[in-house]
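Chain and residue survey
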Amino acid sequence: MSEPESSSADAVVIGGGPAGCTVAILLRQYNPAARIVLLEKEKFPRHHVGESTLPDANAVLHKIGVIDDLNKAGFPIKCGLTYKWRHDRPMFTDLFSRGVHANLQERLYPRGIPDHSWQVERGRYDQILLDRARAAGVEVVEQAQVDDVLRDPAEPSAVTGVRLRVAGSSQAITARHTIDASGQARLLSRRLGLAAEKFALGDTALYRYYEGFEWNESLIGSFYDGKIFFASVPRGWMWFIPISTTTASVGLVTRKSFLAGSAPDDVFDEELGHAPEIAAMLTAAHQISHEYTDEPPRTYAVQDWTYRNRQLAGPGWYLVGDSAAFVDPILSSGMNLAHNCALLVANAVNTEWNHPEIAADEVRSGYEALYAEIYSSFLSMATWWYERRDTDIRDW
Ligand SMILES: Cc1cc2nc3c(=O)[nH]c(=O)nc-3n(C[C@H](O)[C@H](O)[C@H](O)COP(=O)(O)OP(=O)(O)OC[C@H]3O[C@@H](n4cnc5c(N)ncnc54)[C@H](O)[C@@H]3O)c2cc1C
């Protein structure tokens, strides 16, 4: 058997989602001569759930140079959230951005860092990031499936690169650092057999896309000062996210045990009946597929997302984004964590490369400590929300 083709890089990044692109771009910005290779198994644009961003990621988005492209992409502007969380309590709205239509042009094309966020169609959002990575000099290879990580025989906890398949041929890339940003695939931690903690929040989401919904401004604001809408329902809670003027993402977060013996579509429809504000916006709408498939419309499902890897870094490797940990969609925090923790990883790797006087294991444990702090605060917030859902909810 012939040896796989091999090459070497400074860093190899597994996955081209928000976390992978952000790390790769920052590493190139810090080290313009470095060879940074980003391997993505799909051809972009591709579908992904998780469509509502938070402004807390904007400083990083500004740093990697994508704010202008995001503003020009035509995504609905998000300024806050409206909750109907207990049916015996009034609805309430939480705003992080207060500016409305006045001086619209300036709001849409602000200089610097905006205080609003966006409701995004993830295929296009992630494409903007991947294009930016290419423009920054990252070697982006799409349809490149990483199968395994290379290990140092002398130090089994150390990772020295990846083995991948691209266009039918096997390749190996050795690298000073391998950064796993493979999302919930968690490629590196599965290959190293790392343990993860799980937490008992929602564990299953069913979601659909609708075209032609009625935009209820009193509930979700206008296109320029939008809010996502969340409602608690007996089997969990539902989201309503307008990702364009006509298309909405509608989801139910629930638990696997509540689906036992029922068809997911029936459960979705029943729970939609408990969220009349969402149902009303969908009266004249019809269900559609996501943009990147010819399949007929269906109810999509994802499961098991609330976990935290016990170890987030080791010799020659870091985990970032969902591959490290994810809390729960209740906080719309996934991309925020992905972008901000990517900044932490890029800083850590950069320190390892440029400051040999600082011990690498101290740099890694610093990253783990910071991540633990951020993650714990999100986990407490998510738990707080779950504990305060309706009194008529099923036992969680
Ligand atoms: C139901 C649900 C709703 C959510 N809603 C929100 C929300 O409203 N707002 C929000 O901010 N977040 C939300 N999230 C979370 C959000 O989607 C993720 O946190 C975010 O996508 C994480 O980014 P990432 O870059 O870590 O991973 P991903 O975006 O998943 O990117 C990982 C990439 O790695 C690639 N990949 C995987 N395996 C390999 C391999 N072996 N080789 C090469 N490439 C590989 C994948 O193709 C993918 O492109 C939600 C999540 C769920 C489950």
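Below is a summary of the structure that appears in this document. (Residues numbered from 1 in each chain as written. Predicted model: local features only at pLDDT ≥ 70, side-chain atom pairs only at ≥ 80, totals over all residues. Heavy atoms only, no water.)

A few points about the overall build of the protein
- Each helix and strand counted, the protein has 11 helices and 20 strands in total.
- For the protein, the C-alpha radius of gyration of 21 Å lies close to 21 Å, the compact-globule estimate for 396 residues.
- Seen through its C-alpha atoms, the protein measures out along the principal axes to roughly 60 × 50 × 40 Å.
- The buried share of the protein, taken over its 396 residues, is 56%.
- A fraction of 75% describes how many contacts in the protein between residues 6 or more apart in sequence connect residues 24 or more apart.
- Here the protein displays about 16,500 Å² of accessible surface, and carbon together with sulfur accounts for 50% of that area.
- For the protein, the distance from the average position of its 38 positive side-chain charges to the average position of its 51 negative side-chain charges is 1 Å. (Helix = DSSP H or I, 4+ residues; strand = E, 2+ residues; numbered from the N terminus. Rg over C-alpha atoms; globule rule 2.2 N^0.38 Å. Buried < 20%, exposed > 50% of the residue type's maximum accessible area, 1.4 Å probe, protein only. Contact = heavy atoms within 4.5 Å. Areas by Shrake-Rupley, 256 points an atom, 1.4 Å probe, with all protein chains shown as cover. Lys, Arg positive; Asp, Glu negative; His and termini not counted. Charge placed at Lys NZ, Arg CZ, Asp CG, Glu CD.)

Some points on the sheet that holds strand E17 (residues 307-309)
- Read from one edge of the open sheet, 3 strands run E10-E17-E20, paired in antiparallel fashion. At either end of the open sheet lies a strand with only one pairing partner, and these are strand E10 (196-198) and strand E20 (325-326).
- Bridge count between E17 and E20: 2 bridges; the pairing is antiparallel. By the bridge assignment, Tyr 307 is partnered in E20 with Phe 326.
- In this fold helix H11 (residues 360-387) packs onto E17 and E20, with an angle of close to 175 degrees to the strand it touches most, E17. (Pairing = 2+ DSSP bridges. Axes fitted to C-alpha atoms, helices over the stretch in contact; angles between N-to-C directions.)

Considerations on the pattern of salt bridges
- In this structure the tally under the stated criterion is 22 salt bridges.
- Among the salt bridges present, the one from Asp 10 reaches Arg 176, with a minimum N-O distance of 3.5 Å. Of this pair, Asp 10 sits in strand E1 (residues 5-14) while Arg 176 sits in strand E9 (residues 169-180); the two residues are 166 residues apart in sequence, bridging distant segments of the chain.
- What makes Arg 176 partly exposed here is its relative accessible area of 43%.
- It is possible to trace a salt-bridge network through shared partners that takes in Lys 43, Arg 134 and Glu 142. (Salt bridge = Lys/Arg side-chain N within 4 Å of Asp/Glu carboxyl O.)

Some words on the packing of helix H10 (residues 334-354) against H11
- Taken N-terminus to C-terminus, the directions of H10 and H11 make an angle of 165 degrees; their axes are 9 Å apart at the nearest point. Our classification of the angle between H10 and H11 gives roughly antiparallel. Crossing geometry of H10 relative to H11 is assigned as right-handed. Contacts from Asn 336, Leu 337, Cys 341, Leu 344, Val 345, Ala 348, Thr 351 and Glu 352 in H10 reach Ala 360, Val 363, Arg 364, Tyr 367, Leu 370, Tyr 371, Ile 374 and Phe 378 in H11.
- For the contact of H10 with H11, the residue count by class is 12 nonpolar, 2 polar and 2 charged. (Parallel < 35°, antiparallel > 145°, perpendicular 65-115°, else oblique. Left-handed = near helix turned anticlockwise from the far one by under 90°. Nonpolar A, V, L, I, M, F, W, Y, C, P; charged D, E, K, R; others polar.)

Describing the layout of surface pockets
- In this model, the second largest pocket occupies a volume close to 260 Å³.
- Leu 54, Leu 81, Asp 94, Phe 96 and Leu 331 are the residues nearest the centre of the second largest pocket, which is lined by 14 residues in total.
- Mapped by element, the contributors of at least two residues to the lining of the second largest pocket are strand E3 (77-84), strand E4 (92-95) and H11.
- When residues of the lining of the second largest pocket are assigned to their parent elements, the largest contribution, 3 residues, is made by H11. (1 Å grid on protein atoms, 1.4 Å probe; cavity = no way out; pocket = protein on both sides within 12 Å on 5 of 7 lines; lining within 4 Å. Points joined across faces, edges and corners; volume = space filled by probe spheres on them.)

Focus: the site of the ligand
- Inspection of the region around the ligand gives 37 residues, with Glu 40, His 48, Ser 52, Asp 322 and Met 335 positioned closest.
- At a separation of 2.9 Å, an oxygen atom of the ligand approaches a polar backbone atom of Ala 19.
- Measuring from an oxygen atom of the ligand, one finds a backbone N or O atom of Gly 334 at 3.4 Å.
- For the ligand, whose accessible area on its own is 1,000 Å², the fraction buried by protein is 95%.
- Put simply, the parts of the chain that give the shell around the ligand at least two residues each are helix H1 (18-30), strand E2 (36-40), strand E7 (144-152) and H10. (Near = heavy atom within 4 Å. Polar contact = N/O pair within 3.5 Å; in protein donor to acceptor, adjacent residues only side chain to side chain.)

Keep in mind these values describe shape, not function.
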